[in-house]
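Observations on the model geometry
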Amino acid sequence: MIMRLFKNKKISVMWVYILFVGNILSAYPPNYESAMELFINQKYEESLNKIREVFDNYKNSLEFRLLAAANYIELNNYDSALAHLKYAMSDHPDSYEVYILMSEVYIRKKQFNNATNLLYQAYNQFKNDKQKDIQIRYQIAKASYFAKNYQLARKQLETIIAQNPTFMPAFYLDGLIYLIQNNYELAQFRFNAITSLKEADKDLLKRVYNNLGVLQEITTKNNQQAMKYYKKALSIDPNYELAKSNLARIEK
């Protein structure tokens, strides 16, 4: 019952793409920005059509390959996503972004060993770049989380937080693990750390507020405070289904 309240079954590829992948160049190829906007608005087929309009002249574009793959992941077309990513890896062997998105495909397919093996390859290739090291470690932690290997996930998260105490995705994932393990005090501590930031990612923040609402229901049975958190989540995204269903459930 509790797990149903806070654990999304679907991975947010959009959030990963925007956070790790979407800012490769200052000048993008034609149609990229409009295709990106359609992707953000969850219009995946329309985004792909924008890419196709100019793709013949930009087949070697890393940006188009990655964005096309992200769209196909959201459409659950993993074969097409992998095809684009394999081309991108061949044309751009120094792109860690390819490894990030390819690991997302394997996580979606519940091929967690494939995801972590790929990410360890990336780690060995990019370990001297601190920023890339942190992002690859986070992906390893996420793959381990979905594989329910919480010990390995936390090992990576502890390293990330020690290196970069403002990397909020690590705090969030660590909070989820504490929540699963019924360590509610530390879960709340992790989530509150994110709300204290002035410029926290909005997509992440809405999830944090939803989980703080869940914690209020579990620990204090304070439905009024839980409702406030769910409403905060919905003030960020009025269409956030998890917060909407949680709010409707306790308003009855």
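Nothing here was measured: the structure is a model prediction, and the numbers come from that model.

Describing an aromatic ring pair means giving the distance of the ring centres and the angle of the ring planes. All told, the structure shown has ten aromatic pairs when counted by the stated rule. Geometrically, the ring pair formed by Tyr138 and Phe167 is edge-to-face, given 5.8 Å between the ring centres and 70 degrees between the ring planes. Of this pair, Tyr138 sits in helix α9 (residues 130–146) while Phe167 sits in the loop between α10 (150–163) and α11 (168–180), and the two are 29 residues apart along the sequence. Both residues of the pair, Tyr138 and Phe167, belong to the buried class. Pairing Tyr145 with Tyr150 gives two aromatic rings, centres 6.1 Å apart and planes at 50 degrees, and the pair type is tilted. Owing to a relative accessible area of 4%, Tyr145 belongs among the buried residues under this scheme. Residue Tyr150 is classed as buried on the basis of its relative accessible area, which comes to 17%. A network of ring pairs unites the aromatic residues Tyr32, Tyr58 and Phe64 as a single cluster. Sitting over the ring of Tyr178, Arg154 keeps its end group 3.8 Å from the ring centre. Above the face of the Tyr240 ring, Lys206 is positioned so that its terminal group lies 4.8 Å from the ring centre.

For Ala170, the position within the fold is in helix α11. Residue class for Ala170 comes out buried when judged on its relative accessible area of 0%. Sequence separation of Ala170 and Ala153 is 17 residues, and the distance between their C-alpha atoms is 9.8 Å. When residues no more than four places from it in sequence are discounted, the contact partners of Ala170 are Tyr138, Leu157, Ile160 and Ile161.

Reading the values: rules and limits
- Residues numbered from 1 in each chain as written.
- Predicted model: local features only at pLDDT ≥ 70, side-chain atom pairs only at ≥ 80, totals over all residues.
- Heavy atoms only, no water.
- Phe/Tyr/Trp six-rings, centres within 6.5 Å; stacked < 30°, edge-to-face > 60°.
- Helix = DSSP H or I, 4+ residues; strand = E, 2+ residues; numbered from the N terminus.
- Buried < 20%, exposed > 50% of the residue type's maximum accessible area, 1.4 Å probe, protein only.
- Lys NZ or Arg CZ within 6 Å of the ring centre and 35° of its normal.
- Contact = heavy atoms within 4.5 Å.

Note that every value here comes from positions in space, so none of it alone points to a role or purpose.
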